[in-house]
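# Reading the structure
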Amino acid sequence: MLALVNNELIKLFYRKKIFIAILIIIASAIVGVWGSIAYIKSVQPEEEIRSLQKTISQLQKEKSKIKDEVKKQKIDMQIYQLEQQLAQWKSVLESDSNNWRENLKKEIKELKIKMNQALDLSFSDSKENYRKEIIENEYYLSHNLKPLKRTDLNNFSVMILFLGMIIFMMPLIVFVISSDIMSNEFSQKTIRILASQPIPRNSIVLSKFLTALIVSEGLILISEVLVYIVTGIIYGFTNLKYPTVIGTIYKEVGEAVVPVYGSSYIITLGKFLILALLLQTLIIAACCALSVFISTLCKSNSLANILSFIVVYGIYFLVSPISQVVPAFKYLNMILLYSYLDPTKIITNDISVELSISFISPWFSILVIVVYLTIPIATALLNFKNKDILA
C-alpha cells in the first residue's frame, strides 16, 4: 500500500492541477490575510456602533412585520449576534487597561439581571445566551486574562477571518486535486495496465483516496500554520489560555430554537484549535471520499469535475434559498455536506441555530461527516471491484 501511495504522489505532483491548487491556496492566503488586516485596522468604534444600532433597529422593524416563526427565529439570531458585537464595541470605548476587572464585574452583574429576567421564549432573549457571556467573563477574572478587543490585531484575529475563506474554498481545493484521480486513468487508457497488475483492486482505490487526503490536508494545513506563525511573529501570538464557549444544545419552543440553560461550557483556545484541526481533517477526508467515488463512476475528467462541484456547492446553493421560502426544506440542508464544512461551528454547535433544527449536536454533525466518508469510499471500492475494466 505504501508503495502504491508513493507512486500516486509522484504521479500527482507531475500534473499541472497540483499547481492550480497551490495557486488557489496562495491567493486565498494573500486576499484573506490582507483583507483581514485591512479590516481590523480600518474599523472605528464610533462608526461601528452607529452602524450596528441602525441595523438592529431595521431588523426589529422587519421582525415586527413578519408572521412566520422560522423567519422570526433567523432575525432573532441576527439581532442577538449584532447586539453582542455592539456590546463589544461599547466596551472598547469604555475600557481602561487599569480597571478592566471592575468593568467585567459590573458587566457580569448586569448580565445576571438580564438572565434572571429572560423569558426563554426566543433565541435572543434566552437565559443561556446571557449565561454564556457570564461564564466567559468569570473565566477572564479567575484566570487574570484581560479580554481581547475587537480592534486588537493579533494572529488569532487574522486567522479567524482567514479561515472563513479557506473553509469556503476547501472543497474546491480537494476537487482540483482528486476529482479526476480515477477518471484520468480511464481517459488516458492506463486503467487496463493498472488493473492487470497483481494488485488488489481495493488497494488501487484506497491508495488514490489516501494520496488525495495527504496532499489536500497537507496543502491546507501548511497554509494555515504559515499564516498563524507569520502573523504571530508580526502582530503577536494570542494567549492560548483564552476561553472559548462551546457545546450549546438547543430545544424547540414553539417554532423557535432556543439554547438549553446550562448546556454550554468553556475550553481553552488551544484545545479549541486542536479540535478544529482534527475535525478539519475529517471534513477533508469526507470531501476526498466523495470526490474519489464520483471519479470511479466517470470516464471523463470534465464530467467528474463538474459532478463533484455540483454535489457540494450546487445542491446547497439551490436548496438553501428554497428553505428560506419553504421551511420544510431546512431538513435537506441538514444532510448536505456543505452545511458541515466549518469545524468551529460544529464545536460551538452554531449549525443548529443556522439550520433552525434543535436536535443537531456536535456529535450529530460528526456522524453526518463520517457517513459522507464511509459510504462513498465503500461504494467506490465495491463499484471498482465489480467493474469490467479489461473488456
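As shown above, the structure is provided for reference.
Here the structure is a predicted model, which means the values were calculated and not measured.

## Some details on the pairing of strand S2 (residues 250-253)
Examined bridge by bridge, S2 and strand S3 (residues 256-259) share four bridges and lie antiparallel to one another. Bridging from a neighbouring strand, Lys251 pairs with Val258 of S3.

## Remarks on the layout of surface pockets
A volume near 280 Å³ is recorded for the second largest pocket. At six residues, helix H11 (residues 269-297) tops the list of elements feeding residues into the lining of the second largest pocket. Broken down by class, the residue content of the lining of the second largest pocket amounts to 12 nonpolar, three polar and two charged.

## Topic: the packing of helix H10 (residues 201-235) against H11
In the contact formed by H10 and H11, the axes pass within 9 Å of each other and the chain directions differ by 145 degrees. The chirality of how H10 crosses H11 is right-handed. Along its contact with H10, which presents Val205, Phe209, Ala212, Leu213, Ser216, Glu217, Ile220, Leu221, Glu224 and Tyr228, the element H11 presents Leu273, Leu277, Gln280, Thr281, Ile284, Ala285, Cys288, Ala289 and Val292. Residues belonging to the contact of H10 with H11 are distributed by class as follows: 14 nonpolar, three polar and two charged.

## Details of the packing of aromatic side chains
We describe a pair of aromatic rings using the distance from one ring centre to the other and the angle between the two ring planes. On inspection of all chains with the given rule, the structure shows five aromatic pairs. Look at Phe123 and Tyr250: their rings are 6.4 Å apart centre to centre, the planes differ by 20 degrees, and that puts the pair in the stacked class. Note that Phe123 is positioned in the loop between helix H5 (100-117) and helix H6 (127-142) and Tyr250 in strand S2, a separation of 127 residues in sequence. Each member of the pair, Phe123 as well as Tyr250, carries the same accessibility label: buried.

## Focus on the environment of Ile229
You can see Ile229 is positioned in helix H10. Residues Ile229 and Asn155, spaced 74 residues apart in sequence, show a C-alpha to C-alpha distance of 7.7 Å.

Conventions and cut-offs
- All residue numbers here refer to positions counted from 1 along the written sequence of the relevant chain.
- Thresholds applied to this predicted model are a pLDDT of at least 70 for local features of residues and 80 or more for the giving and counting of side-chain atom pairs; totals over whole chains, interfaces and linings are not thresholded and use all residues.
- The side-chain numbers reported here are obtained from all heavy atoms of the structure, hydrogens and water having been left aside.
- Whether two strands pair depends on DSSP finding at least two bridges between them.
- Going along the chain from the N terminus, every DSSP run of H or I of four or more residues is numbered as a helix, and every run of E of two or more is numbered as a strand.
- Only protein atoms enter the calculation, which uses a 1 Å grid: trapped sets of points that fit a 1.4 Å probe without letting it out are cavities, open sets showing protein on both sides within 12 Å along at least five of seven lines are pockets, and any residue with an atom within 4 Å of a point is a lining residue.
- Grid points are joined across faces, edges and corners, and a volume is the space filled by probe spheres set on the points.
- The nonpolar class holds Ala, Val, Leu, Ile, Met, Phe, Trp, Tyr, Cys and Pro. Asp, Glu, Lys and Arg form the charged class, and all remaining residues, Gly among them, are polar.
- Angular values range over 0 to 180 degrees, each being the angle between N-to-C directions of two axes fitted as lines to C-alpha atoms, with helices fitted over their stretch in contact.
- Crossing handedness follows the turn of the near helix against the far one: under a right angle anticlockwise gives a left-handed crossing, and clockwise gives a right-handed one.
- Two residues qualify as a contact provided that any one of their heavy atoms is within 4.5 Å of a heavy atom in the partner residue.
- Classification of ring pairs uses Phe, Tyr and Trp, with its six-membered ring standing for Trp, and accepts pairs whose centres are within 6.5 Å; under 30 degrees between planes counts as stacked, over 60 as edge-to-face, and the remaining range as tilted.
- Burial classes: relative accessible area under 20% of the type maximum marks a residue as buried, over 50% as exposed, and values in between as partly exposed (1.4 Å probe, protein chains only).

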